[in-house]
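Take a look at the letters that make up each chain.
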Amino acid sequence: MLPLFVLLYISVTLLLGLLASTLVKTSKDYILAGRKLPLYMATFVAFATWFGSETVLGASSVMAKEGLIGVMQDPFGAALCLILVGLFFAKPLYRMNLLTIGDFYRVVYGRKVEIVASIMMVFSYFGWIAAQMVAIGIVLQLLLKVPSELGIFIGFGVVLFYTFLGGMWAISLTDFLQTIMIVIGLIAVLYEVSSNFSQLLPVLSSQPPEYYRLFPQLELRDVLLYISAWITIGLGSIPQQDVFQRVMSSRSERVAVLSTILGGFMYLTIALMPLVLAVFARVKYPELLDIDPQLMLPTMIMEHTSLPVKILFFGALLSAIMSTASAAVLAPASLLSENLIRPYFKGLSDRGFLWLTRLCVVVVSVISLFFALSGESIYELVGSSSALSLVSLFVPLVAGLYFKDSKPASALVSMLSGFFVWVFLEYALKSEFALLSGLSASVVSYIIFSLPWKR
């Protein structure tokens, strides 16, 4: 019965992709949903930006083992990102009327900076997309009893199909449906697991106060790692195409601002439910902590809940993963077509550009598929791509928006120095402070190379 409902849900998702394709007439329809999303839909789309495998499978397993201090990066840092975008970035970016975030770097700094920024952003997405494909493979292996590799191929095909056809319109329509599924599914699971919510307070209060601490020990190392956890997504995802697309797809400047702020608070509220479920797994089924962390929550649901709750939970889980995967595919495909390929085809029509972007969707999906089949875990895949934009792109974005004398040389040196310092410390020295060091190098080099221009 459960596999039947999973197949039915996948079929509905494919039908929504077909429906969305009828709304795509121009490249702006495909990349930005024609800038027509109303507040309620734009909010749901903003919420669905990161509510994926990391939130349900990753953060919950970390919460079960480490407590609240271990999940500062997600959901707290991720929610902070959306709120900061709404407060400080949505309005000025929306007024620029750009197609991609790569266009911002061209308008403010020139073609060379656009190329470097776009290449960095495109590469930062492959691991993230692959992580979602791996998660779909794990879920379908559990539900349909198929090999995980086949599950990855099925997830790859579904996400590619509706993203290829409908672009941002398909993502918006499916995100709307999938967000409803996520909310209903998680509430239903929590309701049953907590015995009609009656065990909610007793189970949560059974853990020591230290388990729920929000702040680190007052030691330099702990404080620096704590800051790194907050800013990895909290600041690092601000200069990213998937967030930018949410802002620019709104039908007005006001909607762009409000939807990202509301999406941030919505994300924080709903993303706490998998964390609460993790506490229940820790207290009621401690043996689950010894299995693969990625399977802790799905195993608890499969073994200890009723069929309706299983259907709702796995519908919510697939919804969360596919909504994140589709957005993550379209973002680098848009950058690849608009900022890296289109400038070499001066006479390309809008229809030609639309099909070029669809071709890039296929290319990005196939490359990500190879990453997904590489055998790495969700955490390794996400970890390999989460910090790149912070150390290279964040400083030039802020400076370009708020400092009028920003120069191309300053931006280029800032991006490259932050990137290379981070790569060297992260992969050569395995330093815990690679992220903060890379960001510091980006800030310092931008300031230094701005001084001669000011004179």
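Residues numbered from 1 in each chain as written. Predicted model: local features only at pLDDT ≥ 70, side-chain atom pairs only at ≥ 80, totals over all residues. Heavy atoms only, no water.

So, about the overall build of the protein chain. Regarding its fold elements, the protein chain presents 20 helices and zero strands. Its C-alpha radius of gyration of 21 Å places the protein chain within 12% of the 23 Å reference for a compact globule of 455 residues. A principal-axis box enclosing the C-alpha atoms of the protein chain has dimensions of 65 × 55 × 40 Å. By residue count, 58% of the 455 residues in the protein chain fall in the buried class. Nonlocal contacts in the protein chain, meaning residues at least 24 apart in sequence, comprise 84% of its contacts between residues at least 6 apart. Total accessible area computed for the protein chain in this model is approximately 17700 Å², and 71% of it derives from carbon and sulfur atoms. (Helix = DSSP H or I, 4+ residues; strand = E, 2+ residues; numbered from the N terminus. Rg over C-alpha atoms; globule rule 2.2 N^0.38 Å. Buried < 20%, exposed > 50% of the residue type's maximum accessible area, 1.4 Å probe, protein only. Contact = heavy atoms within 4.5 Å. Areas by Shrake-Rupley, 256 points an atom, 1.4 Å probe, with all protein chains shown as cover.)

Topologically, Thr 22 is positioned in the loop between α1 (2-21) and α2 (27-32). The class for Thr 22 is partly exposed, based on a relative accessible area of 46%. Between the C-alpha atoms of Thr 22 and Asp 175, which are 153 residues apart in sequence, the distance is 17 Å. Looking at Thr 22, its side chain comes within polar contact range of the main-chain oxygen of Leu 19, at 2.5 Å. (Polar contact = N/O pair within 3.5 Å; in protein donor to acceptor, adjacent residues only side chain to side chain.)

As a further point, take the packing of helix α3 (residues 39-47) against helix α8 (residues 148-193). Look at α3 against α8: their axes get within 8 Å of each other, and the N-to-C directions meet at 80°. On the basis of the axis angle, α3 is roughly perpendicular to α8. Here Tyr 40, Met 41, Phe 44, Val 45 and Phe 47 of α3 lie close against α8, whose contacting residues are Met 168, Ser 172, Leu 173, Asp 175, Phe 176, Thr 179, Ile 180 and Ile 182. Considering only residue class, the contact of α3 with α8 consists of 10 nonpolar, two polar and one charged. (Axes fitted to C-alpha atoms, helices over the stretch in contact; angles between N-to-C directions. Parallel < 35°, antiparallel > 145°, perpendicular 65-115°, else oblique. Nonpolar A, V, L, I, M, F, W, Y, C, P; charged D, E, K, R; others polar.)

A word on the packing of aromatic side chains. Counted by the stated rule, this structure contains 20 aromatic pairs. Both rings, one in Phe 51 and one in Tyr 267, keep their centres 5.9 Å apart while their planes meet at 80°; by these two values the pair is edge-to-face. On the criterion of sequence distance, the pair formed by Phe 51 in the loop between α3 and α4 (53-66) and Tyr 267 in helix α12 (residues 253-284) is long-range, its members being 216 residues apart. Exposure remark for Phe 51: the relative accessible area of 1% places this residue in the buried category. In this structure Tyr 267 comes out as buried when scored by relative accessible area, which is 0%. Note on Phe 419 and Trp 422: the rings are 6.4 Å apart at their centroids and 50° apart in plane angle, and the pair reads as tilted. Of this pair, Phe 419 and Trp 422 both sit in helix α19 (residues 408-428), three residues apart, which is roughly one turn of that helix. Trp 422 gets classed as buried once you look at its relative accessible area, which sits at 3%. (Phe/Tyr/Trp six-rings, centres within 6.5 Å; stacked < 30°, edge-to-face > 60°.)

A separate point is the side chain of Gln 207. Here Gln 207 is to be found in the loop between α9 (200-205) and α10 (220-234). Reaching out from Gln 207, the side chain makes a polar contact with the side chain of Arg 282 at a distance of 2.7 Å. Excluding residues within four positions of it along the chain, Gln 207 makes contact with Tyr 212, Val 279, Arg 282 and Val 283.

Next up on the list: the packing of helix α11 (residues 241-249) against helix α14 (residues 307-341). For the pair α11 and α14, the least separation of the axes is 8 Å and the interaxial angle reads 90°. Comparing the axis directions of α11 and α14 gives the class roughly perpendicular. Facing α11, whose interface residues are Gln 241, Asp 242, Gln 245 and Arg 246, α14 presents Ala 327, Leu 330, Ala 331, Ser 334 and Leu 335. Looking at the contact of α11 with α14 residue by residue, the class counts come to four nonpolar, three polar and two charged.

A word on the side chain of Ser 365. With respect to the element layout, Ser 365 can be found in helix α15 (residues 350-372). In this structure Ser 365 comes out as buried when scored by relative accessible area, which is 1%.

Right, let's talk about the environment of Val 363 for a bit. As for its position among the elements, Val 363 is in helix α15. The spatial distance from the C-alpha of Val 363 to the C-alpha of Leu 23 is 23 Å, given a sequence separation of 340 residues.

Here α1 spans 29 Å end to end across 20 residues, near enough to the 28 Å set by a 1.5 Å rise per residue. Among all positions of α1, only Leu 2, Val 6, Tyr 9, Ile 10, Thr 13, Leu 16, Gly 17 and Ala 20 are buried. Each buried residue of α1 sits inside an arc of 110° when the element is viewed along its axis, so together they form one side. The outward face of α1, more than 90 degrees from its buried face, is lined by the exposed residues Leu 4 and Leu 15. (Expected span 1.5 Å × (residues − 1). Arc of directions from axis to C-beta.)

When the terminal C-alpha atoms of α4 are compared, their 19 Å separation across 14 residues agrees well with the 20 Å that a helix rising 1.5 Å per residue should span. Taken as a whole, α4 carries its principal kink of about 30° at Ala 59. Where burial is concerned, most of α4 is hidden: 11 out of the 14 residues are buried. Those residues of α4 that fall on the buried side of the exposure criterion are Ser 53, Glu 54, Thr 55, Val 56, Leu 57, Gly 58, Ala 59, Ser 60, Ser 61, Met 63 and Ala 64. A positive backbone phi angle near 85° is found at Gly 67, which sits one or two residues after α4. (Bend = angle between axes of the 7 residues up to and from the residue.)

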